[in-house]
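Chain by chain, the residues run as shown.
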Amino acid sequence: MAAPGVHAGLQLFGSTRRLLHKLDKCAVFRSYTGSCALNQNATTALPAGSSEEIVLPRKKKWDKIAVLQALASTVNRDPTAAHYMFQDDPYLFPKTSAEFKLYSLSQESGRNTAKYIINTYPKYFQKDYAEPHIPCLMPEAFEPQINDISEDALNERIQLRQVKAAVDIFDQLIQGGTTVSLETTNKLLDLLCFYGDRDPVRDDQPEHKEADEVEAVQEDFQKRQKGRLRKASDLIGVVWRENNNAERIFNLMPEKNERSFCSLIRGMVKYGAYTKAFSMYADLLNNRMTADVHTFNALLAAAPNTREKYNEKWELIVETLNQMSEQKVQPNLLTFNAVLKSLRKCGSLARTQSLQTLNEMKALGIEPSLATFDHLLGIFYKAASSVRGPTDMIFEVLDEIEGKSFVARDPDDVYFFSNAMRVCLDLKDVELAYRLHQLLGEGENWKLLGDAFQQSVFYGRFFNLLCMMEHIDMVMKWYKDLIPSLYYPNSQGMMDLLQALDTDSRLDLIPQIWKDIKQLGHTNKADLVEEVLALMARDKQSPEVQASFADCSLAVKSVYEVGDRGRTALEWTASALGNITSLLLRAGRMQEAWGILQLFKANNRIPGEALLAEFLECAKERRDNDLAIDLVKLAASFSLTTTAKFASRVKEEFLLSEEQKKSLEELDVLSSDSSDSDSDSDSE
Amino acid sequence: MYRRIILLATRNRSGISPIAEHSINITNQQETKRTSVSTCPNRQRMHYNKGVCAPNNRPFSTSTALSKENEESSAPKTGVTEAKVKEEEPRKSGKENLLDLLSAMKVGVTTKKKFQALKSQKSKEQPRVHPESMESATSMFQKATTEQQAQKESLSPELVAAASAVASSMPFKKSQTESELLQQLRKHESDTEVHKKGETNNIGNIIADMKVGKHPNARSPNRPANQIRFDDDGRGYTHDRGVVNEFDAVRRRKSLFTGKRLNIFPSTTDTTETEPKEVSVPSLWDIELAGQIAAVIKHLPRNGFEEMIQWTKDGKLWQYPINNEAGLEEESDVPFHEHVFLDSHLEDFPKQGPVRHFMELVINGLSKNPYLTVKQKMEHIEWFREYFQQKEEVLKESEAY
């Protein structure tokens, strides 16, 4: 830049604006004169003195995280690595979903414990080393500082969200004859209604953690069924009790404004007192007041729970919306999402009405969020009913949102992806699933995939669909990409993969898959292990494959012998033993196969006839007479009906010494008095 | 779905009627995948593998050997002749072995060429595939069986001769062996015939064929449409999605946002009305709603930089771009000269003398002190001013003021 010295001086003194001003002046000066300096410096071919203005770029104000964001965007996901949160300790890389859960929860609970200690004993953590000061490292104040009975004390308790203490102070104030201001009372009412007249659980409290984990499973179910985000504390069974503190305080209030009514209505809806909420709304109208948009949203969400019939539900929704319009309340996104959510409970009416609702949104210029589309899919793809026949809704939705980047505007936004993937899976449309997955990569959309549970549901469905529909090469590509960095498949997922391998005749990959199964900790799932063995043993493969299968079968065998990390070992079954034996036989490992055969006896299982026949065949190839006789002996010891048949075969097909023949005959006599063996010896 | 169905069919084959033995394996060689099963023309190659139920119930599978065989034999007939050649080998191991082998043989039909021809013709009329033209698979199979009976005598004389030669080499039950062999061969041939016809007729037949191949007995063709249907793939109930729907590749492109609206709210958005309400302090409800939305999208950092972003937001990390004056917000608007040039604050002091001299030294020190704010420096000077004013008398006496 020209004359840097002048500007440096200016910069020191002047504010940014002044500097820019100076620079502008300088630019103007230069463009009019077309000085030599310009000619020397300019790289453009503009003729000097042209009237074209040089537009200086505006000073770019960098956000404090802009640099980091740019850097972060250069880092791609490493499909072979565990999640970043486990980075610190490679020993604790999770390999199964259970470990993932355990380790991540442990980390979280460690943090919470530290926080709890700091907040419980703030006096030991007063030293402030940081320069500049870092507020979030300092203990938070959870103990009220004002201890007398005053409105300030009440306000402080409300600020600290101590519901019970606040109510106590309020009562004492009222008893003392002090009037509490409307503003403060409304705040108290907000607090009471929001937490349903219970003390909220603090994030760092140990008892909260326990409750959270216990509820976690149920919560997930509830979440999916109701499609509604709930905190663990809501589920412990907070309901709106008759005449609770909120209602009592509400009734005590000498004057009530709209906010008091609205808060109470929202609280009632939140804690399930739907009918009451509507009667409270009627009271509000009788007092010639109007509700705010959030209250209407709550009422719309509550509407289907107060009526029995589908059309009555819808009529109530429409009536509420009309009242909104009459009261000149501007609806927002959440209003329409609440309507659509309620429509999910309206059965057959929902399809046409939901589209009209969507058009209403469009007319009002309200951009739909992912939750809107989630509700639409929920309406058009009901789980069990198909009264109306096929629909193209998912295609239309995807056409609409493809390539867009979304931000969260509704708590329900995070259910879209997993539900849409469910639809893809039900339609078995792999192309659609790819589009959906593509959408996930768009902008910040991955953030809307939800928590770890939602994420595993999404990828689980995706992988299931891939296994079902996709060519095995693509399946394996995705398999390597998704597992285990994004998704830990369950045993059913592995089963699907095995079936995909089977369908595309790539059974030779099984040993490799087995290693993953072992790593994923599914070796204790009997049906999966048996399936692996059965698939390997079913067909004869090329020698190399047979050799690797044999190695793999021995690895599988070890699962039966010792439990994996303290787990109980699997119980041998006849088919598992048989499959391992025949796999070893086919690889020509007689000795080991014979060893497995002994396990039948030890585990009280009986080998199949076909297996013994296969064994005999092998013995014949090797001209191993002793083995053949041992085999017959074994068959005899199981008192198989086919013993005699084997014996005769051995006699016919092997070149036996006299001694061997003799022992064989002895065996014959010993083993069988059945007619079958008699006839055979006769024929001889 | 269909691929899985086949698998199921082959697995359960022992329990299912012979119809279920017609299993079809579709191998898609393309990297880019079909949009749905309906858009068949995408496929480059289809194999129709006919397995005949093995006596020992060994599940039928598409082994690698088979695919080789497919490449070699471009027409069904060569497949059959191959079968003949192989027939001769297993003589000594008896009837069972022979039957085993026969049944394990699969007649491959490479339909690639036929298919491409079909494709060009099909692609013109593809969007208009009528449901009527697609027969229900049950009837399809019935047709197949009747055709099978009709073609009983169509085997070539050489094959029959070969079969009887094999049979005559058997130690016993010669006639029975021969008839069994012939039966197997006929099965191959008739199956091939059926499919040859089927393919040239209509792709829809194949699809319908596959669909019902799953459970031929369980579904009657005139099942009510709104009955709940169970999906075998383990997903539970599924939607009634007709074959027709799968075919309309050119979907009616109707946007989501066309059609009637509720007409409840006035479409003109007058923002003036909402504004007065916005100014009020956010209530607990508002804060919590915002918190809830933030919580659902809160993810753990995926890499070190994201972790640093998180720390920056928490205030634990030095902010980018690096700035020496981070954390000195209080002083950020104060220009440096107010720190350095403090002379202007000495106007109330005497113009000369020891006090003046002292104060000049004080401001000299202050101007070099980076740890005090300007306000603190002023307070410092202020303190001296007051001090000297209080001591004015004494100073004047000692003539220092």
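Residues numbered from 1 in each chain as written. Chains lettered and ligands numbered in written order. Predicted model: local features only at pLDDT ≥ 70, side-chain atom pairs only at ≥ 80, totals over all residues. Heavy atoms only, no water.

Per an unreviewed UniProt entry, the recorded name for chain B is Small ribosomal subunit protein mS31, and the organism is Acipenser oxyrinchus oxyrinchus. Here chain B is described in UniProt, under the heading Sequence similarities (unreviewed entry), as follows: "Belongs to the mitochondrion-specific ribosomal protein mS31 family." Within the UniProt record for chain B, the comment given under Subcellular location (unreviewed entry) is "Mitochondrion". (UniProt positions renumbered as here; feature names shortened; annotations may be inferred.)

Chain A appears in an unreviewed UniProt entry as Small ribosomal subunit protein mS39 from Acipenser oxyrinchus oxyrinchus. Recorded in UniProt under Sequence similarities (unreviewed entry), the annotation for chain A is "Belongs to the mitochondrion-specific ribosomal protein mS39 family." As its UniProt record puts it under Subcellular location (unreviewed entry), chain A is described as follows: "Mitochondrion".

This part is about the overall build of chain A. Tallying secondary structure elements over chain A gives 34 helices and zero strands in all. With 684 residues in all, chain A has 49% of them scored as buried. In chain A, 66% of the contacts between residues at least 6 apart in sequence involve partners at least 24 apart. Counting every atom, chain A has about 33900 Å² of accessible surface; 52% of that belongs to carbon and sulfur. (Helix = DSSP H or I, 4+ residues; strand = E, 2+ residues; numbered from the N terminus. Buried < 20%, exposed > 50% of the residue type's maximum accessible area, 1.4 Å probe, protein only. Contact = heavy atoms within 4.5 Å. Areas by Shrake-Rupley, 256 points an atom, 1.4 Å probe, with all protein chains shown as cover.)

This part takes up the overall build of chain B. Within chain B, the secondary structure is distributed over 17 helices and four strands. Counting across all 401 residues of chain B, residues that qualify as buried make up 40%. Within chain B, counting contacts between residues at least 6 apart in sequence, those at least 24 apart form 67% of the total. Total accessible area on chain B stands at roughly 23100 Å², and carbon and sulfur atoms take up 53% of it.

Attention shifts here to helix H28 (residues 574-586) of chain A. All names here are of chain A. For H28, with 13 residues, the first-to-last C-alpha span of 18 Å sits near the 18 Å given by 1.5 Å per residue. Taken across its 13 residues, H28 has ten buried, putting it largely inside the fold. Every buried residue belonging to H28 is among Ala-576, Leu-577, Gly-578, Asn-579, Ile-580, Thr-581, Ser-582, Leu-583, Leu-584 and Leu-585, and all of these are buried. Of the surrounding elements, those touching the buried residues of H28 are helix H26 (526-538), helix H27 (543-561), helix H29 (590-602) and helix H30 (609-622). (Expected span 1.5 Å × (residues − 1).)

Here the UniProt feature "repeat: PPR" (unreviewed entry) sits at residues 332-368 of chain A. Structurally, residues 332-368 of chain A is divided into 70% helix and 0% strand, and its ends, taken at the C-alpha atoms, are 10 Å apart.

To continue, consider unusual backbone geometry. All names here are of chain A. With an omega dihedral of 0°, the bond running from Ile-483 to Pro-484 counts as a cis peptide bond. In this fold, Pro-484 is placed in the loop between helix H23 (472-482) and helix H24 (491-503). Unusually for a residue other than glycine, Arg-288 sits at a positive phi of about 55°. Topologically, Arg-288 is positioned in the loop between helix H13 (274-286) and helix H14 (293-302). The class of Arg-288 is exposed, set by a relative accessible area of 78%.

Looking now at the nonpolar core. Among the nonpolar cores identified, the biggest contains 191 residues, and Phe416(A), Phe417(A) and Leu436(A) are the most heavily contacted of them. Among the elements that take part in this core, helix H22 (residues 452-469) of chain A stands out by supplying nine residues, more than any other. What Phe417(A) contacts, discounting residues up to four positions off in sequence, is Leu370(A), Leu436(A), Leu439(A), Leu440(A), Asn445(A), Leu448(A), Leu449(A) and Phe458(A). Judged by nonpolar contacts, the second largest core, of twelve residues, contains Leu342(B), Val355(B), Ile381(B) and Leu395(B). (Core = buried A, V, L, I, M, F, W, Y, C linked by side-chain atoms within 4.5 Å.)

Residues and elements named next belong to chain B. Where helix H15 (residues 354-367) contacts helix H16 (residues 374-390), the two axes come as close as 11 Å, and the packing angle between them is 165°. Judged by the inter-axis angle, H15 sits roughly antiparallel to H16. Two packed elements cross with a definite hand, and for H15 against H16 that hand is right-handed. Contact residues: Val-355, Phe-358, Met-359, Val-362, Ile-363, Leu-366 and Ser-367 in H15; Lys-377, His-380, Ile-381, Phe-384 and Phe-388 in H16. Grouping the constituent residues of the contact of H15 with H16 by class yields nine nonpolar, two polar and one charged. (Axes fitted to C-alpha atoms, helices over the stretch in contact; angles between N-to-C directions. Parallel < 35°, antiparallel > 145°, perpendicular 65-115°, else oblique. Left-handed = near helix turned anticlockwise from the far one by under 90°. Nonpolar A, V, L, I, M, F, W, Y, C, P; charged D, E, K, R; others polar.)

This brings us to the pattern of salt bridges. Residue and element names in this part refer to chain A. A complete count under the given rule lists 35 salt bridges over all chains for this structure. Put simply, Arg-649 and Glu-653 hold a salt bridge, and the shortest N to O gap is 3.3 Å. With Arg-649 and Glu-653 both in helix H32 (residues 643-653), this residue pair falls four residues apart, about one helical turn. Judged by relative accessible area, which is 32%, Glu-653 ranks as partly exposed. The network of salt bridges with shared partners includes Glu-617, Lys-620, Arg-649 and Glu-653. (Salt bridge = Lys/Arg side-chain N within 4 Å of Asp/Glu carboxyl O.)

Turning to the environment of Ser369(A), a few remarks are in order. Residues and elements named next belong to chain A. By secondary structure assignment, the location of Ser-369 is in the loop between helix H17 (350-364) and helix H18 (370-380). Under the relative-accessibility criterion, Ser-369 is labelled buried at 0%. Ser-369 sits 47 residues away from Phe-416 along the chain, and the two C-alpha atoms are 9.6 Å apart. In this structure the side chain of Ser-369 is engaged in a polar contact, spanning 2.8 Å, whose partner is the side chain of Asp-413. (Polar contact = N/O pair within 3.5 Å; in protein donor to acceptor, adjacent residues only side chain to side chain.)

Side chains of Glu308(A), Glu312(A), Glu315(A) and Glu319(A) sit close together on the surface and give a patch of like negative charge. Given the relative accessible area of 73%, Glu308(A) is considered exposed. (Patch = residues over 30% accessible without salt bridge, like charges linked within 9 Å, V, L, I, M, F, W, Y side chains within 5 Å. Lys, Arg positive; Asp, Glu negative; His and termini not counted. Charge placed at Lys NZ, Arg CZ, Asp CG, Glu CD.)

Before going further, it helps to examine the packing of helix H12 (residues 258-270) of chain A against H13(A). Residues and elements named next belong to chain A. In contact at an axis separation of 8 Å, H12 and H13 are set at 165° when each is read in the N-to-C sense. Considered as vectors, H12 and H13 are oriented roughly antiparallel to each other. The element H12 and its partner H13 pack so that their crossing is left-handed. Only Tyr-274, Lys-276, Ala-277, Met-280, Tyr-281, Asp-283 and Leu-284 of H13 make contact with H12, whose side of the interface consists of Phe-261, Leu-264, Ile-265, Met-268 and Val-269.

Attention shifts here to a nonpolar patch on the surface. A cluster of nonpolar residues, Ile117(A), Tyr121(A), Tyr124(A) and Phe125(A), forms a patch on the protein surface that exposes about 410 Å² of accessible area. By the element assignment, Tyr124(A) lies in the loop between helix H5 (97-120) and helix H6 (151-159).

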